[in-house]
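Residue-level structural notes
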Amino acid sequence: MRTMNAWRVDRPGPIGGRPLRTTSAPVPEPGPGEVLIRVRACAVCRTDLHLAEGDLPPHRPGAVPGHEVVGEVEQLGGDTGDLRVGDRVGVAWLRHTCGTCRYCRAGAENLCPFSLYTGWDADGGFAEHCVAPAAYVYRMPPRYDDAHAAPLLCAGIIGFRALRRADLPPGGRLGLYGFGASAHLAAQVAIAQGATVHVLTRSSQAQRLALDLGAASAGDASAAPPEPLDAAILFAPVGDLVPVALSALDRGGTLAVAGIHLTDIPPLRYADHLFQERSLRSVTANTRQDGHDFLTFAQEHPLRVTVTPYPLSAADRALADLAADRVEGAAVLIPPGL
């Protein structure tokens, strides 16, 4: 029996208490419609941190986190379409939908009540191998190497969907609250589409990166942007910033909240935050079409993907650095031998 190294969420809790443990586990076998993937790179998402710390309730004990996986197909489980051994593929957050509910039939599979997720409902990419349904993997744009392609699979796709949910008009003024892995990609997409981008974040390092990527301004998250915003996206999981961002919107503007977890939102004042047809929206996962559309965009429009690499053996340190805002861009785990 072949074995692999993997990290599991042992006992969810504060990252300082080391909720992850490293284990030697059997290499999984793909079932019908699945592929076994040798992991070449796995980006670290704030959702992984929420799972480790218990902000998101565990769906199964001892889950292997990681849902931004780039790897090579090593084994086919049968009925896997046109995938072949040796293909370079990506595994993202959305893992399964029923295909028959009214949401799936309407093209909103991200709202499927029976959806399942990589690293939450099934083991993910904080390991040397993982298994994924063939129908939910992506062919990766060849423009990017493995480490720089990995963050595209959640940070990129979710940021892309958040832009759509924010209803940014052509040439509009966009505010980004928080500037980590997802925001630094969404900013580049918006700028490429002709938007003026203002970044609001507490990190001076992130502010410098934002300006380097073409943002018109970068300031503290609690400060007002230099002009009213047509749209804003909240990437930081901080509910206190919701009224701040709503107050920064121009008439008819939209705030999209991109995270899966958010601390409590303080009371909103209708006249100050919602009147004049301001809108507040959430972003829930993504559809596969979002993923295909974004990866096509990323191939056609070169994105500067900022990564901080870590060996797979340092996954717990990568999460701790993410929690402390010590990561520039996206943390990416690299298995041994790669």
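Scroll up to find the structure.
Residues numbered from 1 in each chain as written. Predicted model: local features only at pLDDT ≥ 70, side-chain atom pairs only at ≥ 80, totals over all residues. Heavy atoms only, no water.

The next point concerns the overall build of the protein chain. Looking only at helices and strands, one finds ten helices and 17 strands in the protein chain. Taking 20 Å as the expected radius of gyration for a compact globule of 338 residues, we find that the protein chain reaches 19 Å, a close match to that expectation. Here the C-alpha coordinates of the protein chain stretch approximately 65 × 45 × 35 Å along the principal axes. The long-range fraction of contacts in the protein chain, counting pairs at least 24 apart against all pairs at least 6 apart in sequence, stands at 70%. Only carbon and sulfur atoms are counted for the fraction: they give 50% of the accessible area of the protein chain, which is about 14,100 Å². Considering the protein chain, the positive charge centre built from 30 side chains and the negative charge centre built from 35 side chains are found 1 Å apart. (Helix = DSSP H or I, 4+ residues; strand = E, 2+ residues; numbered from the N terminus. Rg over C-alpha atoms; globule rule 2.2 N^0.38 Å. Contact = heavy atoms within 4.5 Å. Areas by Shrake-Rupley, 256 points an atom, 1.4 Å probe, with all protein chains shown as cover. Lys, Arg positive; Asp, Glu negative; His and termini not counted. Charge placed at Lys NZ, Arg CZ, Asp CG, Glu CD.)

Further remarks concern the environment of Ala298. Looking at where Ala298 falls in the secondary structure, it is placed in helix H9 (residues 288–300). When its relative accessible area of 0% is taken as the criterion, Ala298 is described as buried. Between the alpha carbons of Ala298 and Val189 there is a distance of 8.6 Å; along the sequence they are 109 residues apart. (Buried < 20%, exposed > 50% of the residue type's maximum accessible area, 1.4 Å probe, protein only.)

This part takes up unusual backbone geometry. Residues other than glycine seldom take positive phi values, yet Gln276 does so here, at roughly 65°. When you line up the elements, Gln276 lands in the loop between helix H8 (270–274) and strand S15 (279–282).

Here the focus is the packing of aromatic side chains. All chains considered together, the criterion is met by six aromatic pairs. The interplanar angle of 35° and the centroid separation of 6.1 Å between the aromatic rings of Tyr117 and Trp120 together place this pair among those described as tilted. Of the two residues examined, Tyr117 and Trp120, each falls in the buried class. Three or more aromatic residues joined by ring pairs form one cluster here, namely Trp93, Tyr117 and Trp120. A cation over an aromatic ring shows up here: Arg288 above the ring of Tyr136, its NZ or CZ 3.9 Å from the ring centre. (Phe/Tyr/Trp six-rings, centres within 6.5 Å; stacked < 30°, edge-to-face > 60°. Lys NZ or Arg CZ within 6 Å of the ring centre and 35° of its normal.)

Sheet topology note: the strand S16 (residues 307–311)/strand S17 (residues 330–334) ladder contains five bridges and is parallel. Note on S17: the bridge partner recorded for Thr308 is Ala331. (Pairing = 2+ DSSP bridges.)

Relative to the helices and strands, Thr80 resides in the loop between strand S4 (69–76) and strand S5 (88–91). Excluding residues that lie within four positions of it along the chain, Thr80 makes contacts with Gly33, Glu34, Val35 and Ala134.

All right, on to the sheet that holds strand S14 (residues 249–257) then. Pairing in this open sheet of six strands is parallel, and the strands run S12-S11-S10-S13-S14-S15 from one edge to the other. On the outer flanks of this sheet lie strand S12 (217–219) and S15, each paired with one strand and no other. Taking each pair of neighbouring strands and ignoring which way they run, the sheet shows an average axis angle of 20°. Two elements, strand S11 (residues 196–200) and S12, share three bridges in a ladder whose sense is parallel. What sits directly across from His198, in S12, is Ser217. Its contacts with the sheet put helix H4 (residues 155–165) on strand S10 (173–177), strand S13 (229–234), S14 and S15, and the angle it makes with S14 is roughly 150°. Helix-sheet contacts for helix H6 (residues 204–212) involve S11 and S12, and the interaxial angle to S12 is about 175°. (Axes fitted to C-alpha atoms, helices over the stretch in contact; angles between N-to-C directions.)

This part takes up helix H10 (residues 315–323). Within H10, the full set of buried residues consists of Ala315, Asp316, Ala318, Leu319, Asp321 and Leu322. Of the surrounding elements, those touching the buried residues of H10 are strand S1 (3–9), strand S2 (20–26), strand S3 (34–44), helix H1 (46–53), S16 and S17. A positive phi of about 60° marks Asp325, the residue just after H10.

Another point: the state of the cysteines. Taken as a whole, this structure holds zero disulfides when the rule is applied. The structure places no disulfide on Cys101, whose sulfur is separated from the nearest cysteine sulfur, that of Cys98, by 3.6 Å. By relative accessible area, which is 12% here, Cys101 ends up buried. Here Cys130 is not cross-linked by a disulfide; its sulfur's nearest cysteine counterpart is in Cys42, at 7.8 Å. Look at Cys130 and you get buried, because its relative accessible area is 3%. (Disulfide = S-S within 2.5 Å.)

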